[in-house]
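Each chain, letter by letter, is given below.
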Amino acid sequence: MPLAGVIGLVLVAMLCILFWTAHEQNTLAVAQEQRLAIGAIRVRGDYIAETTLDYARSEEAVDTLVNGYDRTLVDRNIGRPAYENFGFAMTFIIGAGDRTIYAMIDGKPVPPDRFPHLGGGFEALLSAYRQGPVHGRTAGVILADGMPAIAAIVGIRPLIDVEHAREQRTLLVFVDLLNQQRLSTMASAYLLPDLQLGPLAAVLPNDRTALVLRSVDGTPLGLLNWISARPGSELLRRLLPFLAIISASVGLLTWFVLRHAAHTAERVRESEAKAMLDPLTGLPNRLLLYQRLDRRMLDRHRRSQKLAVLYLDLDGFKAVNDQYGHEAGDALLKEIATRLQASKRLNDTLARLGGDEFALICHDVPDTEAADIIARKLIDTLRDPFHLRCGEAHIDISVTLSIGIALTPPFVKDGAELLRRADIALYRAKAAGKQTWVIYDDGDTARGKPRLLTGPRPIKKSAAIEPPHQIDIGIPPQAPDGTPTWRPSR
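Residues numbered from 1 in each chain as written. Predicted model: local features only at pLDDT ≥ 70, side-chain atom pairs only at ≥ 80, totals over all residues. Heavy atoms only, no water.

Colleague: In this structure, what is going on with helix α3 (residues 71–86)? I would like to understand it.
Modeller: Every α-helical turn comprises 3.6 residues, leaving residues that sit three or four positions apart pointing alike. If you look at α3, its biggest bend is around 40°, right at Arg80, and the proline Pro81 turns up within four residues after that. Downstream of α3 by one or two residues, Gly87 has phi in the positive range, about 75°. (Bend = angle between axes of the 7 residues up to and from the residue. Helix = DSSP H or I, 4+ residues; strand = E, 2+ residues; numbered from the N terminus.)

Below, the structure written as structure tokens:
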């Protein structure tokens with residue numbers, strides 16, 4: 001699951017990075033297109049202003065409009081060419097006192113009155129021109145006859161004699177309407193598909209980008225909008241199918257690998273469990289017993305508790321195998337393991353060491369009296385005969401138990417040493433007549449001189465168990481490796 005989580009997080013992170021990259025590309029593209037739209041308006045205004053400058057800065061214009069006004073010449077040389085050659089919808093000539101002395105709209109002369117036609121920023125544009133240099137020009141967005149337009153203002157003066165021109169108050173104004181025809185031309189030139197000018201409250205589709213068109217004085221005139229390229233969205237459209245395939249493939253591969261890993265781990269756990277358990281009885285085996293014994297030895301130092309290890313051996317088990325066969329012997333071992341497991345305390349560990357030998361790790365056994373109680377209970381557990389099925393017949397089998405017990409002295413820290421002491425005590429129990437127990441206990445004697453405490457003598461059926469008594473019987477002679485030099489017959 002952690003591995004699947006990591007792979008899932010990597011895929012999610014990749015998708016997040018992809019969507020973020022697409023969003024950034026869309027954002028950059030929209031910003032670039034907006035700058036392009038603003039630049040298109042500005043370039044168009046510069047073009048109109050330069051054209052206006054060409055018409056206004058000449059001796060002929062001064063003679064025609066300033067020194068002696070001739071309407072026919074103005075129509076022929078300025079008004080009609082501006083409309084027919086450049087498509088400017090309006091031409092105005094403003095004289096002294098800001099009075100309109102000439103006006104042509106859509107190629108037709110009209111009475112010279114500009115005020116019903118120009119507004120929405122024209123006054124601000126006119127003021128900006130007059131505050132600028134005398135040889136300058138001004139262009140900007142205004143509202144002309146209720147429609148957004150670009151207007152250019154240039155003073156009519158000769159090319160020379162600039163100082164005299166400061167006294168001239170005659171201005172030439174060209175106005176280019178931002179109608180759909182003009183916007184279509186700009187859209188083709190500046191790669192702004194389907195460029196339109198809509199109302200401010202218009203709700204646009206997701207594939208369109210908008211820009212508020214404002215007049216020279218900041219008044220919003222409409223919503224300039226067009227179809228945006230959105231390269232990020234196009235990238236997602238192209239890559240998402242492949243990413244879906246890749247993600248599905250990675251998911252399937254991850255599922256297969258994890259499934260295989262889970263099965264492998266389960267088999268490993270089962271193998272480990274089998275390696276730690278006795279296959280016949282299901283009890284812990286010798287390996288697991290040593291692990292738990294070492295763990296308990298460490299815990300007893302931290303918790304100041306005494307341990308007891310009981311080495312158990314069945315009396316008369318070999319005769320069962322010889323008489324009834326190994327199948328009956330195996331069935332008997334299972335029943336014995338069940339009884340012993342039921343009689344032990346909850347936190348104690350019962351293990352099968354092999355053959356007819358068992359071991360029991362008991363925690364919190366403070367003295368020999370407590371060990372006596374545990375041993376007596378285990379022996380009593382096997383007192384009743386076992387009812388087994390042998391082929392087609394049912395048989396009753398009785399076996400007894402001999403126990404060797406070792407208590408943890410303060411100086412012993414090795415679990416194997418404790419089990420060895422219990423084994424020594426078991427040999428003495430066997431030699432003492434079976435169906436009894438012997439305790440290997442250091443007691444108050446000096447280190448290296450332990451005493452063995454024997455339990456009751458062999459018990460006849462239905463005979464009461466006498467209380468345990470202590471006899472000082474010493475320990476058997478030992479070889480250099482610590483094992484007894486004699487081993488009683490089992």
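Next comes the rest of the description.
Colleague: Explain the packing of helix α10 (residues 326–343) against helix α11 (residues 368–381) here, please?
Modeller: Helix-helix packing: each pair is described by the crossing angle between the helix axes and the interaxial distance. Two elements in contact, α10 and α11, have axes separated by 10 Å at closest approach and are oriented at 145°. Considering only the axes of α10 and α11, their crossing is right-handed. Of α11, the residues touching α10 (which contributes Arg339, Leu340 and Ser343) are Lys377, Leu378 and Thr381. Taken together, the residues of the contact of α10 with α11 sort by class into two nonpolar, two polar and two charged. (Axes fitted to C-alpha atoms, helices over the stretch in contact; angles between N-to-C directions. Left-handed = near helix turned anticlockwise from the far one by under 90°. Contact = heavy atoms within 4.5 Å. Nonpolar A, V, L, I, M, F, W, Y, C, P; charged D, E, K, R; others polar.)

Colleague: What is the right way to read the packing of aromatic side chains from this model?
Modeller: Aromatic rings in a pair are described by how distant their centres are and how their planes are angled relative to each other. Under the definition given, this model contains five aromatic pairs. A ring pair is formed by Tyr55 and Phe86, whose centres lie 6.3 Å apart and whose planes are at 85°; its orientation type is edge-to-face. Here Tyr55 is found in helix α1 (residues 2–56), whereas its partner Phe86 is found in helix α3, with 31 residues between them in sequence. Take Tyr55: its relative accessible area is 18%, and that puts it in the buried class. Ring geometry for Phe86 versus Phe88: centroids 5.6 Å apart, planes at 15°, classification stacked. Phe86 gets classed as partly exposed once you look at its relative accessible area, which sits at 25%. Pairwise contacts between aromatic rings join Tyr47, Tyr55, Phe86, Phe88 and Phe174 into one cluster. Its end group placed over the ring of Phe386, Arg339 keeps NZ or CZ at 3.7 Å from the ring centre. (Phe/Tyr/Trp six-rings, centres within 6.5 Å; stacked < 30°, edge-to-face > 60°. Buried < 20%, exposed > 50% of the residue type's maximum accessible area, 1.4 Å probe, protein only. Lys NZ or Arg CZ within 6 Å of the ring centre and 35° of its normal.)

Colleague: What should I look at first to understand the sheet that holds strand β9 (residues 208–214) in this one?
Modeller: Strand pairing in a sheet is mediated by backbone hydrogen bonds. Such pairs are either parallel or antiparallel. Ordered by their spatial adjacency, three strands build an open sheet running β8-β10-β9, and the pairing between neighbours is antiparallel. Each edge of the open sheet is held by one strand with a lone partner, namely β8 (196–198) and β9. If you compare each strand with its neighbour and ignore which way they point, the axes differ by 35° on average. Where β8 and strand β10 (residues 220–227) come together, three bridges link them in antiparallel fashion. Looking at β10, one finds that Gly198 is bridged to Leu223. Across the sheet, α1 lies against β9 and β10, angled at about 35° from β9, the strand it touches most. (Pairing = 2+ DSSP bridges.)

Colleague: Would you mind going over the sheet that holds strand β2 (residues 100–105) with me for this structure?
Modeller: Here seven strands make up an open sheet; going across it, the order is β3-β2-β1-β7-β6-β5-β4 and the pairing antiparallel. Unpaired on one side and paired on the other, β3 (108–109) and β4 (118–119) mark the two borders of the sheet. Sitting on the sheet, α1 touches β5 (137–144), β6 (147–155) and β7 (171–177), and the angle it makes with β6 is about 40°. The strands touched by helix α4 (residues 122–131) are β1 (90–94), β4, β5, β6 and β7; relative to β5, the strand with the most contacts, the crossing angle is about 170°.

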